[in-house]
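Residue-level structure breakdown
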Amino acid sequence: MSIHQESHLDVSAEALRGRAEELDRRDALAHYRDLFIGTDTPLSYLDGNSLGRPLKRTADDVAAFIRDEWGGRLIRGWDEQWLSMPQAIGDQLGRAVLGAAPGQTIIADSTTVVLYKLIRAALAAVQDPDRNELVLDTENFPTDRYLVEGIALEEGLTLRWIEPDPAAGVTLDQVRQATGPRTAVVLLSQIAYRSGHLADLPGITAAVHDAGALVVWDLCHSAGSVEIDLDGADVDFAAGCTYKYLNGGPGSPAFAYVNARHLPSLNQPIWGWMGRKDAFEMAAGYEPAQGIRGFLSGTPAIFGMIAMQATLELIEEAGMAAVRSKSEDLTAFAVEVFDAWLAPLGAGLASPRNPEERGGHITVDHPNFTKATVEALWDGDVIPDFRSAHGIRVGLSPLSTSFAEVLHGMAAIRDRLQG
């Protein structure tokens, strides 16, 4: 039985400590925590959904790369391995995390640039000139909104905004109401960056297709925290970052997914030498590479791929089903502690209560929460993040977060409120 199906009436500090200890004892993924840097310290890291902890082996992997490949092979490394890494690791990511068959996923640029490429490629694939509307939501991450606003300005397109409940997220019914014969492309996030709401990806994708449009999914907060089946849902396009649950490190490159049925006819808008059919031919004129490699532009970021590859190996070993199960248990325990300690102090839960309807984080609101509150928590080695106007977001990474760590961090938030 999963912990969020159980009933717990005793909410004393002692009972919650015992509960956290019991949950850690029976955690099938607990041993993975020891593989991460910093987990043997008192620090409570509640921001793994913004930047994941590094694996201990990453330092050795990077050092070996510098010594043996970069230092030893020098420029020969491009021909020997580096040029193939974006697609090789993309295929591994597709297999381990995304539910994507080989040849559809590639590691490329920043999330912003990848989304721009995908949205523009999707628009170029729309043949009906009457389809001149882009659909997005007011609660999406700023980059997504800014990109679509800019593209609409460039192309003379109309924006149709969905206004979801900020404490929940975009619903299937809202998408059905917002799409129709004028819809060209819909851009949504599978997990809302503030509330943690988990969107109905298969249902919404089908609804967009029923309306005759294409969908681009932002998977930044879902890749590595929830089970995804892009092929099974017949998703058109998807993008996501790799420095959250995939532990690629600050600024590690994002990924692009393009459904195989679209690849033969698509062109992406940022033509660079790595996306050409023969990058080292240096010839005049741009002829795109076949398949997903055509979505590359510039030189691949090798260091970020080295770091994320190690996490992908762990996820393949553990299985996304187990990762998702622990993610649900971690957020359920965080909500349990919220109910016991924070709700009585006037805090509100700005996230879905059902674990199946949220990703790997929750957001707690209180009128007294400010940036200064989070700065004070950081000074005490408790690290959540702040979300305007009065939210503290608690992000829990299944491979590196313990239940005792959650309790310690939530206790610190309680103490700030009481003080």
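No experiment lies behind these values; they were computed from the predicted model shown. (Residues numbered from 1 in each chain as written. Predicted model: local features only at pLDDT ≥ 70, side-chain atom pairs only at ≥ 80, totals over all residues. Heavy atoms only, no water.)

Some details on the overall build of the protein chain
Counting secondary structure elements, the protein chain contains 13 helices and 13 strands. Relative to the globule expectation of 22 Å for 419 residues, the C-alpha radius of gyration of the protein chain, 22 Å, shows essentially globular dimensions. Reported as C-alpha extents along the three principal axes, the dimensions of the protein chain are approximately 70 × 55 × 40 Å. Looking at the protein chain residue by residue over its 419 residues, the buried ones come to 57%. Of the roughly 17200 Å² of accessible surface on the protein chain, a fraction of 52% belongs to carbon and sulfur atoms. Charged side chains of the protein chain number 34 positive and 57 negative; the gap between the two group centres comes to 2 Å. (Helix = DSSP H or I, 4+ residues; strand = E, 2+ residues; numbered from the N terminus. Rg over C-alpha atoms; globule rule 2.2 N^0.38 Å. Buried < 20%, exposed > 50% of the residue type's maximum accessible area, 1.4 Å probe, protein only. Areas by Shrake-Rupley, 256 points an atom, 1.4 Å probe, with all protein chains shown as cover. Lys, Arg positive; Asp, Glu negative; His and termini not counted. Charge placed at Lys NZ, Arg CZ, Asp CG, Glu CD.)

Notes on the UniProt feature "domain: Aminotransferase class V" (unreviewed entry) in the protein chain
UniProt's entry tags residues 97-375 with the feature "domain: Aminotransferase class V" (unreviewed entry), counted in the numbering of this structure. From the first C-alpha to the last, residues 97-375 spans 33 Å; its make-up is 35% helix and 14% strand. (UniProt positions renumbered as here; feature names shortened; annotations may be inferred.)

A look at the sheet that holds strand β7 (residues 237-240)
Strand pairing in a sheet relies on backbone hydrogen bonds. The paired strands run either parallel or antiparallel. With mixed pairing, the 7 strands of this open sheet are ordered in space as β2-β8-β7-β6-β5-β3-β4. The sheet is open, and its two edges are formed by β2 (105-107) and β4 (158-162), each paired on a single side. Averaged over all pairs of adjacent strands, the angle between their axes in this sheet comes to 20 degrees, without regard to strand direction. Taken together, the 5 bridges between strand β3 (residues 133-137) and β4 define a ladder with parallel strand orientation. Looking at β4, one finds that L134 is bridged to L159. Across the face of the sheet, helix α5 (residues 111-125) comes into contact with β3, β5 (183-189), β6 (214-218), β7 and β8 (255-258) while running at roughly 170 degrees to β7. Against the sheet, helix α8 (residues 201-210) contacts β5 and β6, and its axis sits at roughly 155 degrees relative to β6. (Pairing = 2+ DSSP bridges. Axes fitted to C-alpha atoms, helices over the stretch in contact; angles between N-to-C directions. Contact = heavy atoms within 4.5 Å.)

Brief notes about helix α10 (residues 302-318)
Helix length check: α10, at 17 residues, gives a terminal C-alpha distance of 25 Å against a target of 24 Å (1.5 Å per residue), a fit within 8%. Counting buried residues along α10, 12 of its 17 residues qualify, which places the element largely inside the surrounding structure. For α10, the set of buried residues is I302, G304, M305, I306, A307, M308, A310, T311, L312, L314, I315 and A318. Of the residues one or two after α10, G319 is the one with positive phi, at around 90 degrees. (Expected span 1.5 Å × (residues − 1).)

Notes on unusual backbone geometry
The omega torsion across S388 and A389 is 10 degrees, close enough to zero to call that bond cis. Among the structural elements, A389 can be located in the loop between β12 (385-387) and β13 (391-395). The phi dihedral of D381 falls on the positive side, at around 60 degrees, and the residue is not glycine. One can find D381 in the loop between α12 (371-379) and β11 (382-383). Of the residues examined, D381 reaches a relative accessible area of 41% and is grouped as partly exposed.

Some points on the nonpolar core
One finds V97, L98, L118, W217, L219 and L230 to be the most contacted residues of the largest nonpolar core, which totals 89 residues. A per-element tally of this core places α10 first, with 9 residues. If we ignore the near neighbours within four places in the chain, the residues touching L118 are V216, F237, A238, A239, A256, Y257, V258 and F295. Membership of the second largest hydrophobic core comes to 33 residues, among which are L46, F338, A347 and L396. (Core = buried A, V, L, I, M, F, W, Y, C linked by side-chain atoms within 4.5 Å.)

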